[in-house]
Amino acid sequence: MQLQTLDDLFVDQLQDLYSAEQQLVQALPKMASAASNDELREAFEHHLSETQEHVQRISDIFGEIGTTPSGETCEAMEGLIREGEQVLTAQGDPTVRDAALIAAAQRVEHYEIAAYGTARTLADDLDQDGAKDLLDQTLDEESNADKLLTKIATGGMFKAGINQQAR
C-alpha cells in the first residue's frame, strides 16, 4: 500500500468500506434469520437493503474518481462478523440471543460510522463534493441503524422478554 497523498488514503478508505459492505451483504440475512424478535428481524432486513445501496454508492464514487475497487479485504469487518457468527450458533434463551445480536450489530455500526466519518472528511478536504454527499447520506443511514438498534434494545424488548433466570 502506498499512502503518499490524501487521495491515496481516500481510495484506501473506500476500498476498505467497499469490502466491509460486501461482507455485510452476506452476513445480514443470517442475522435476520437468527433474530426471534420481529422488529429486530425487520431492522436487519431493512439494513440489508440499505447496505446494498451503500455498495452501489461506493461503486459510484469509484467511478467519479476514476478508479475501481480492488481485492482488498476489510479485516476489521471480517473479525466483527466472525464474532457475530458465534451468536448465530449459540444456544439459549431467544431474547438473550437477540440481545447478543444487537450487541454484535452495534459493534459493526460503530465501526462503519467511524469509517464513513473519516471517508467523508477526506472527501470534503479533497473537494470531492459528490463523494462527500454520498458518504454523508450513508453515514446518516448507519447512524440511524445504530439508533434503531438502541431503540429496539431499550424499548422494552428485554425488560418484557427476558425471564428471571436469564437475568
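Relevant structure appears above.
Since this is a predicted model, take the numbers as computed values, not measurements. (Residues numbered from 1 in each chain as written. Predicted model: local features only at pLDDT ≥ 70, side-chain atom pairs only at ≥ 80, totals over all residues. Heavy atoms only, no water.)

A.B. asks: It is not clear to me how the packing of aromatic side chains should be interpreted in this structure. Could you clarify?
C.D. replies: Aromatic ring pairs are described here by two measures, namely the spacing of the ring centres and the angle between the planes. According to the stated counting rule, one finds one aromatic pair in the structure shown. With centroids separated by 6.1 Å and ring planes inclined at 80 degrees, the aromatic side chains of Y18 and F62 adopt a geometry described as edge-to-face. Placement of the pair is Y18 in helix α1 (residues 6-34) and F62 in helix α2 (residues 38-65), with a sequence separation of 44 residues. Taken individually, Y18 and F62 each receive the classification buried, so the pair is uniform in this respect. (Phe/Tyr/Trp six-rings, centres within 6.5 Å; stacked < 30°, edge-to-face > 60°. Helix = DSSP H or I, 4+ residues; strand = E, 2+ residues; numbered from the N terminus. Buried < 20%, exposed > 50% of the residue type's maximum accessible area, 1.4 Å probe, protein only.)

A.B. asks: Where do I start with the nonpolar core in this structure?
C.D. replies: Soluble globular proteins tend to bury their nonpolar side chains together. With 43 residues, the main nonpolar core has F10, L40, F44, I61, M77, L101 and L135 as its most contacted residues. Elements supplying a minimum of two residues to this core: α1, α2, α3 (75-88), α4 (94-125) and α5 (129-161). Of all the elements, α1 adds the most residues to this core, at 12 residues. Ignoring any residue separated from it by four or fewer positions in sequence, one finds L135 in contact with F10, L14, I61, Y116, A119, R120 and A123. (Core = buried A, V, L, I, M, F, W, Y, C linked by side-chain atoms within 4.5 Å. Contact = heavy atoms within 4.5 Å.)

A.B. asks: Looking at this structure, I do not really get the side chain of H47. What am I missing?
C.D. replies: Turning to its location among the elements, H47 is positioned in helix α2. Overall, the relative accessible area of 5% leaves H47 in the buried class. Not counting residues up to four positions away in its chain, the partners in contact with H47 are L28, H54, E109, E112, E141, E142 and A145.

A.B. asks: I would appreciate a short explanation of α4 in the present structure.
C.D. replies: One turn of an α-helix holds 3.6 residues; hence residues three or four places apart share an orientation. In this model α4 runs 46 Å from its N-terminal to its C-terminal C-alpha over 32 residues, within 8% of the 46 Å that 1.5 Å per residue would give. For α4, the N-terminal cap is D93; the gap from its side-chain oxygen to the backbone nitrogen of T95 is 2.8 Å. Backbone geometry just after α4 places D127 at a positive phi near 55 degrees. (Expected span 1.5 Å × (residues − 1). Polar contact = N/O pair within 3.5 Å; in protein donor to acceptor, adjacent residues only side chain to side chain.)

A.B. asks: Is there a simple way to explain the packing of α1 against α3 in this structure?
C.D. replies: For any two helices packed against each other, one specifies the inter-axial angle together with the distance between the axes. Two numbers describe how α1 lies on α3: the axes approach to 11 Å, and their chain directions differ by 10 degrees. As summarised for this structure, α1 and α3 are arranged roughly parallel, according to the angle between their axes. Contacts between α1 and α3 involve A20, Q23, L24, A27, K30, M31 and A34 from the first element and M77, E78, I81, E85 and L88 from the second. Here the residues of the contact of α1 with α3 sort into eight nonpolar, one polar and three charged. (Axes fitted to C-alpha atoms, helices over the stretch in contact; angles between N-to-C directions. Parallel < 35°, antiparallel > 145°, perpendicular 65-115°, else oblique. Nonpolar A, V, L, I, M, F, W, Y, C, P; charged D, E, K, R; others polar.)

A.B. asks: Looking at this model, I keep getting lost on the pattern of salt bridges. Mind explaining?
C.D. replies: A side chain of one charge can pair with a side chain of the opposite charge if their charged atoms are brought near each other. What the rule picks out here adds up to six salt bridges. The closest approach of N and O atoms between R41 and D38, which form a salt bridge, is 2.3 Å. Of this pair, R41 and D38 both sit in helix α2, three residues apart, which is roughly one turn of that helix. Overall, the relative accessible area of 48% leaves D38 in the partly exposed class. For E39, the salt bridge goes to K151, with nearest N and O atoms at 3.9 Å. (Salt bridge = Lys/Arg side-chain N within 4 Å of Asp/Glu carboxyl O.)

A.B. asks: Explain the side chain of N37 here, please?
C.D. replies: You can see N37 is positioned in the loop between α1 and α2. For N37, the side chain forms a polar contact with the main-chain nitrogen of L40, separated by 2.9 Å.

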